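Listed here are the chains, written in short residue letters.
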Amino acid sequence: MDGGILLVTGGLLLGYMALELVENYVREEPYASLSARAKASLARALLTRPKLLFADELTANLDQHLGEQVERLLFDRYPQMALCCVAHRTYVPEGYTAVLRLAQGGMREVTP
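Predicted model only: the values in this text are computed from it and were never measured.

Asks: Mind showing me how you'd approach the overall build of the protein here?
Replies: Regarding its fold elements, the protein presents three helices and four strands. Starting at the N terminus and walking to the C terminus, you meet the elements of the protein as α-α-β-α-β-β-β. Residue pairs at least 24 apart in sequence account for 40% of intrachain contacts in the protein once pairs closer than 6 positions are excluded. Surface exposure of the protein reaches about 8700 Å², of which carbon and sulfur atoms provide 57%.

The structure is reproduced here in structure tokens:
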């Protein structure tokens, strides 16, 4: 953070400092993977404690069990945050209150 001031509480300062190190690596390392870039983006978003998080393919590279653990962690740690997740999968983890399925040029709501 050049020329700025950041006021944080508790452990957030450590989180911001660690995130800055990761972002510097991702920015300067030409071979940083898309996965590393995605993790840095997610960490940056979560540190701001958003009310709404749009996640495109949040768990795409994870098996079903680990993907469900990641989403459960988000639901448990950020209960006031709405999560709008776009995914190409056939299962729906617990915690979602609405599921929209896109197929054959249309959209319909299905039971979570």
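Here the narrative resumes, following the displayed structure.
Asks: Sorry if this is basic, but what is going on with the packing of aromatic side chains here?
Replies: What the rule picks out here adds up to one aromatic pair. For the ring pair Phe75 and Tyr96, a centre distance of 5.0 Å and an interplane angle of 85° mean the geometry is edge-to-face. Here Tyr96 lies in the loop between β2 (82-86) and β3 (99-103) and Phe75 lies in helix α3 (residues 64-77), a separation of 21 residues in the sequence.

Asks: Help me understand the pattern of salt bridges in this model?
Replies: Close approach of charged atoms allows side chains of opposite charge to pair. Applying the stated criterion to the full structure yields one salt bridge. A salt bridge links Asp76 to Arg72; its shortest N-O distance comes to 3.2 Å. One end of the pair is Asp76 and the other is Arg72, both in helix α3 and four residues apart, which spans about a single turn. Judged by its relative accessible area of 33%, Arg72 is partly exposed.

Asks: I keep staring at α3 and nothing clicks. Help me out?
Replies: Given 3.6 residues per turn, any residue in an α-helix points the same way as the ones three and four places further on. Along its 14 residues, α3 runs 20 Å from first to last C-alpha, staying within 8% of the 20 Å computed at 1.5 Å per residue. Within α3, burial applies to Gly67, Glu71, Leu74 and Phe75. When α3 is viewed along its axis, its buried side chains cluster within an angular range of 100° and face the same direction. Of the exposed residues in α3, those oriented more than 90 degrees away from the buried face are His65, Asp76 and Arg77. At the N-terminal end of α3, a side-chain oxygen is found 3.1 Å from the backbone nitrogen of His65, two or three residues along, and the residue is Asp63.

About the criteria used
Residues numbered from 1 in each chain as written. Predicted model: local features only at pLDDT ≥ 70, side-chain atom pairs only at ≥ 80, totals over all residues. Heavy atoms only, no water. Helix = DSSP H or I, 4+ residues; strand = E, 2+ residues; numbered from the N terminus. Contact = heavy atoms within 4.5 Å. Areas by Shrake-Rupley, 256 points an atom, 1.4 Å probe, with all protein chains shown as cover. Phe/Tyr/Trp six-rings, centres within 6.5 Å; stacked < 30°, edge-to-face > 60°. Salt bridge = Lys/Arg side-chain N within 4 Å of Asp/Glu carboxyl O. Buried < 20%, exposed > 50% of the residue type's maximum accessible area, 1.4 Å probe, protein only. Expected span 1.5 Å × (residues − 1). Arc of directions from axis to C-beta. Polar contact = N/O pair within 3.5 Å; in protein donor to acceptor, adjacent residues only side chain to side chain.

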